[in-house]
Amino acid sequence: MGSTPDAPTIRQEEEGQEAEQQPNGKGNGVIPPTASVYLNPQYWDDRFVNEDHYEWFKDYCQFRHLAASCLKSSDRVLELGCGSSQLCDGLYEDGITQITCIDLSPIAVEKMQKRLTAKGFHGVKVLVMDMLNLPFGSESFDAVIEKGTMDVLLVDSGDPWNPNPETVSKVNAMLKGVHRVLTPEGIFISISFGQPHFRRPLFEAAGFTWSMQWNTFGDGFHYFFYTLKKGSKKASFNQDRIEKEVNWNSTSLYQEHLDSENYLFQSHLADDNELEE
């Protein structure tokens, strides 16, 4: 495993950046000591009691131009793991109003329902649901979007080149559900820290008929905006050259402007990068 920055330094940066995102200037007070805590549903319930708004991997305005190239106002959209994000709000304001948001936490769902009602955003469904077991009928959505939710499943994946079977099974269950509920030409959007050479084996596993394309956004460190269009599977080798040109130097992952708790994922990626060298 590779080295990571001094833990207290990371935590101090998390707390400072987190406070900047809170409207009242206060953090949520439940930043976990390790990334694996994110896998505990009780952690999220405890967190959402006090947290009104938090954005993983930048807010909607940072990748709005990318989303606009994929989504239409008539699309039926499913958001996985909505939490306290306002991604849904941004989509709604851009005219995409047929939205269903799901989260495992009933506290997050209740707070989001109240927020959307207060804003007059009518028609958005917010449901308590496990993304690993989607109950929707096949071909129910034109688009599915997630921002950082898949990354949570991977926090304890171990060797990024050979993730542990339990983690792969969970990710595969999520992706199978997404693939099933998408229309024949539907789009899956995944916003992530995960680099293409680590995501490709998961996205292009047997049984999926979508193709993988990706863009980046953000200053200094790039976040990845993956688009997977169902029914158009191809080799995706057209981006291999681009991948090799991107600087994966792990030192670039620790810069002052990066978002709060994202450091926990950055630490994980720093290990991944050093394994790659």
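No experiment lies behind these values; they were computed from the predicted model shown.

Points about the layout of surface pockets
Then step 1. Considered as a void within the structure, the largest pocket measures approximately 650 Å³ in volume.
Then step 2. In this structure, the largest pocket is lined by 34 residues; those nearest its centre are Trp44, Gly81, Leu104, Thr149 and Val152.
Then step 3. Of all the secondary structure elements, the ones that give two or more residues to the lining of the largest pocket are helix H2 (41-50), strand E1 (76-80), strand E2 (98-103) and helix H6 (149-153).
Then step 4. The dominant element in the lining of the largest pocket, judged by the number of residues it contributes, is H2, at 4 residues.
Then step 5. Of the residues belonging to the lining of the largest pocket, the class tally is 18 nonpolar, 8 polar and 8 charged.

A look at the environment of Leu154
Then step 1. By the secondary structure assignment, Leu154 is in the loop between H6 and helix H7 (165-181).
Then step 2. A residue is classified by how much of its surface remains accessible, and Leu154, at 9% relative accessible area, is buried.
Then step 3. Residues Leu154 and Ser36 lie 118 residues apart in sequence; the distance between their C-alpha atoms is 9.1 Å.

Some points on H2
Then step 1. For H2, the set of buried residues is Tyr43, Trp44, Asp45, Arg47 and Phe48.
Then step 2. Looking at the buried side of H2, the elements it contacts are E2, helix H5 (106-119) and H6.
Then step 3. Backbone nitrogen of Gln42 and a side-chain oxygen of the N-cap are separated by 3.0 Å at the start of H2; the cap is Asn40.

Quick look at the environment of Cys88
Then step 1. With respect to the helices and strands, the residue Cys88 is situated in helix H4 (residues 87-93).
Then step 2. With a relative accessible area of 0%, Cys88 lands in the buried category.
Then step 3. In the structure, Cys88 is positioned 28 residues away from Tyr60 in sequence and 8.8 Å away in space, judged by C-alpha atoms.
Then step 4. Here Cys88 is in contact with Glu79, Ile99, Cys101, Met112, Leu116 and Val124, once residues within four sequence places are set aside.

Focus: the packing of aromatic side chains
Then step 1. Summed over all chains, the structure comprises 23 aromatic pairs.
Then step 2. Geometrically, the ring pair formed by Phe136 and Phe141 is edge-to-face, given 5.0 Å between the ring centres and 85° between the ring planes. In terms of burial, Phe136 and Phe141 fall into one category: buried.
Then step 3. Geometrically, the ring pair formed by Phe203 and Tyr226 is edge-to-face, given 5.3 Å between the ring centres and 65° between the ring planes. With Phe203 in helix H8 (residues 196-203) and Tyr226 in strand E7 (residues 223-229), the pair connects residues that are 23 residues apart, well separated along the chain. Taken individually, Phe203 and Tyr226 each receive the classification buried, so the pair is uniform in this respect.
Then step 4. Within the aromatic cluster, the residues linked to one another by ring pairs are Phe57, Tyr60, Phe63, Phe193, Phe217, Tyr223 and Phe225.

What counts, and where the lines are drawn
Residues numbered from 1 in each chain as written. Predicted model: local features only at pLDDT ≥ 70, side-chain atom pairs only at ≥ 80, totals over all residues. Heavy atoms only, no water. 1 Å grid on protein atoms, 1.4 Å probe; cavity = no way out; pocket = protein on both sides within 12 Å on 5 of 7 lines; lining within 4 Å. Points joined across faces, edges and corners; volume = space filled by probe spheres on them. Helix = DSSP H or I, 4+ residues; strand = E, 2+ residues; numbered from the N terminus. Nonpolar A, V, L, I, M, F, W, Y, C, P; charged D, E, K, R; others polar. Buried < 20%, exposed > 50% of the residue type's maximum accessible area, 1.4 Å probe, protein only. Contact = heavy atoms within 4.5 Å. Polar contact = N/O pair within 3.5 Å; in protein donor to acceptor, adjacent residues only side chain to side chain. Phe/Tyr/Trp six-rings, centres within 6.5 Å; stacked < 30°, edge-to-face > 60°.

From the geometry alone we can't say anything about function, so treat these as descriptive.
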